Amino acid sequence: MMRFHTTMAFSTARAAWEGAYAAHDRAAEQADRYIADSARETIDAGDLEYATLETVLAMPAYTPAEVGEKLRIMRERGVDDGWSDDRPRYLAQIERDLIELQRPCVSPVLADAFLKWRLAYAASVNRYDDLNNDGLTTILCAKVRKAVVELMAKPCSTPGDVLLKQYVALLGDNGATKTCDYEISVAALAVGLGTDDEAAQEAAYRDLADTDLGCCLLTLGRVDFDAELWLSAADRAGIDVRLVHQPDGTRALYKSFNAVRGQSAADREREDRCHRLLAGGLKALAKERVAAVLDAIEDTHQHLICGHVAAQKVTI
């Protein structure tokens, strides 16, 4: 059963707040302000209610229903009535939630299952590259299959969970390209057992590749962005990347375009995915990613710090 309304983590946090809120109300109604113990109980109940409120409003929301619940709780609790200074912070988290929903985001349960699969998959891929192949490969492949089954058995809570399962299935059915172990072989999509397999596989792949989540999976092998892995992917795609310190003190990121013009469609799509991961469609998210890439260059890729190149500039 798909649980697109709320994740288990959010439901648990919301229930904890509702219980603490009700307990605080009861304590306040029964309290005798002239009895120290009674007053202490009311204060303790209030502290617990505020702590659980903080938990539910500050945690990430993974579904539209969870965003709606946060807004309802803020109204019911009167967070915007001036008694709390945390309203701007809660609203900032909701704004971030809305951006993440557009990726679409993956629930914590599926993210954990994917990480276990990724570790098993990476170990098996590395073993295949070893010429001294032995029985260990069979064991590692069995671990991959076990991780796949466990991932597929997890209930989906978000659209991103569905796409994540789709990615693992497509990669398992079609294999990876020689360029990247996490990049699904588009050429293999046309090879199927049924009459319409090619069209169905290509449509499923396109649904995945057209999302920010899909770009991360196909380019980085992760559900989220990583600056170091992006720099490696940009290098594979032939993108020239440079950091420039501007005269006004700001930093600028230069990225070449059409690095593989005239080559295969797969090469062009590989380059396009790298650019899309830093594009401005997700606004604050894109700005954070550009900043992370610039930080990575300054920390570990100083050879990429130089003067102007013919490229797109992203300034922060």
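Structural data are supplied above this passage.
Here the structure is a predicted model, which is why all the values come from computation and not from measurement.

> Can you walk me through the overall build of the protein chain in this structure?
In terms of helices and strands, the protein chain carries 12 helices and 3 strands. By residue count, 45% of the 316 residues in the protein chain fall in the buried class. Partitioning the contacts of the protein chain with sequence separation of at least 6, the portion at a separation of at least 24 is 65%. Carbon and sulfur atoms form 55% of the exposed surface of the protein chain, whose accessible area is close to 16700 Å².

> What should I look at first to understand helix α9 (residues 212-220) in this one?
Every α-helical turn comprises 3.6 residues, leaving residues that sit three or four positions apart pointing alike. Burial of α9 is extensive: 9 of the 9 residues sit out of reach of the surface. Among the residues making up α9, those that are buried are D212, L213, G214, C215, C216, L217, L218, T219 and L220. Following α9 by one or two positions, G221 has its phi on the positive side, about 70°.

> Which parts of the structure should I look at to understand the nonpolar core?
Considering soluble globular proteins, one finds that nonpolar side chains tend to be buried as a cluster. Counting residues in each nonpolar core, the largest one holds 29 residues, and the members touching the most others are F114, W117, Y167, I184 and L217. Elements that contribute at least two residues to this core include exactly α5 (108-128), α6 (135-153), α7 (159-174), α8 (197-209) and α9. In terms of residues, this core owes the most to one element, α5, which gives 7 residues. With near-sequence residues (within four places) excluded, W117 lies in contact with V144, A147, V148, L151, Y167, V168 and L171. Counting residues in hydrophobic clusters, the runner-up holds 23 residues, among them C215, A233, L278 and L304.

> I tried to follow helix α10 (residues 227-236) on my own but got confused; where do I start?
Every buried residue of α10 is listed here: A227, W230, L231, A233 and A234. The buried residues of α10 occupy an angular sector of 165° when the element is viewed end-on, so they sit on one face. Where α10 begins, one side-chain oxygen reaches toward the backbone nitrogen of E228, 3.2 Å away; that side chain belongs to D226. At the exit of α10 stands G238, carrying a positive phi of roughly 80°.

> Even after reading the chapter, I still don't get the packing of α8 against helix α11 (residues 265-277), so can you show me in this structure?
Two numbers describe a pair of packed helices, the interaxial angle and the distance between the axes. At their nearest, the axes of α8 and α11 sit 13 Å apart, and the two run at 30° to each other. Regarding the angle of α8 to α11, the classification is roughly parallel. Side by side, α8 and α11 meet where Y205, R206 and A209 of the first sit next to E269, R273 and R276 of the second. Grouping the amino acids of the contact of α8 with α11 by side-chain chemistry returns 2 nonpolar, no polar and 4 charged.

> Explain the packing of aromatic side chains to me, please; I cannot follow it from the model alone.
The relative placement of two aromatic rings is captured by the distance of their centres and the angle of their planes. Scanning the entire structure with this criterion turns up 6 aromatic pairs. For the ring pair W117 and Y121, a centre distance of 4.9 Å and an interplane angle of 10° mean the geometry is stacked. Taken as a pair, W117 and Y121 lie in helix α5 at a separation of 4 residues, close to a single helical turn. By the burial criterion, W117 is buried, and Y121 matches it. Between the aromatic rings of W117 and Y167, the centroid separation amounts to 6.4 Å while the plane-to-plane angle is 85°, which identifies the pairing as edge-to-face. Placement of W117 in helix α5 and of Y167 in helix α7 is noted, with a sequence separation of 50 residues between them. Each member of the pair, W117 as well as Y167, carries the same accessibility label: buried. Members of the aromatic cluster, joined through ring pairs, are F114, W117, Y121, Y167 and Y182.

> I'm lost on the pattern of salt bridges in this one. Help?
Pairing between side chains of opposite charge can happen when the charged atoms of each approach one another. Evaluated as defined, the whole model comprises 24 salt bridges. Notably, a salt bridge pairs R72 with E18, separated by 3.7 Å at the nearest N-O pair. Highlighted residues: R72 in helix α3 (residues 64-77) and E18 in helix α1 (residues 8-30), separated in sequence by 54 residues. Here R72 falls in the partly exposed class, since its relative accessible area comes to 25%. Three or more residues are tied together by salt bridges with common partners; here these are R96, E100, R103, D212, E288 and R289.

> Help me out: how do you make sense of the state of the cysteines in this one?
Disulfides are covalent bonds that connect the sulfur atoms of two cysteines. Tallying each qualifying case throughout the model produces 0 disulfides. The cysteine C180 is free of any disulfide, with C274 supplying the nearest cysteine sulfur at 9.5 Å.

> Help me understand the pairing of strand β1 (residues 241-245) in this model?
Along any regular strand the residues' side chains alternate between the sheet's two faces. With 4 of 5 residues buried, β1 lies mostly within the body of the structure. Alignment of β1 against strand β2 (residues 251-255), held across 5 bridges, turns out to be antiparallel. By the bridge assignment, L243 is partnered in β2 with L253. Linking β1 to β2, which pair antiparallel, is a turn of 5 residues; within it G249 sits at a positive phi near 95°.

Reading the values: the criteria
- Residues numbered from 1 in each chain as written.
- Predicted model: local features only at pLDDT ≥ 70, side-chain atom pairs only at ≥ 80, totals over all residues.
- Heavy atoms only, no water.
- Helix = DSSP H or I, 4+ residues; strand = E, 2+ residues; numbered from the N terminus.
- Buried < 20%, exposed > 50% of the residue type's maximum accessible area, 1.4 Å probe, protein only.
- Contact = heavy atoms within 4.5 Å.
- Areas by Shrake-Rupley, 256 points an atom, 1.4 Å probe, with all protein chains shown as cover.
- Core = buried A, V, L, I, M, F, W, Y, C linked by side-chain atoms within 4.5 Å.
- Arc of directions from axis to C-beta.
- Polar contact = N/O pair within 3.5 Å; in protein donor to acceptor, adjacent residues only side chain to side chain.
- Axes fitted to C-alpha atoms, helices over the stretch in contact; angles between N-to-C directions.
- Parallel < 35°, antiparallel > 145°, perpendicular 65-115°, else oblique.
- Nonpolar A, V, L, I, M, F, W, Y, C, P; charged D, E, K, R; others polar.
- Phe/Tyr/Trp six-rings, centres within 6.5 Å; stacked < 30°, edge-to-face > 60°.
- Salt bridge = Lys/Arg side-chain N within 4 Å of Asp/Glu carboxyl O.
- Disulfide = S-S within 2.5 Å.
- Pairing = 2+ DSSP bridges.

So, to be careful, I would describe these as geometric facts and stop short of saying anything about function.
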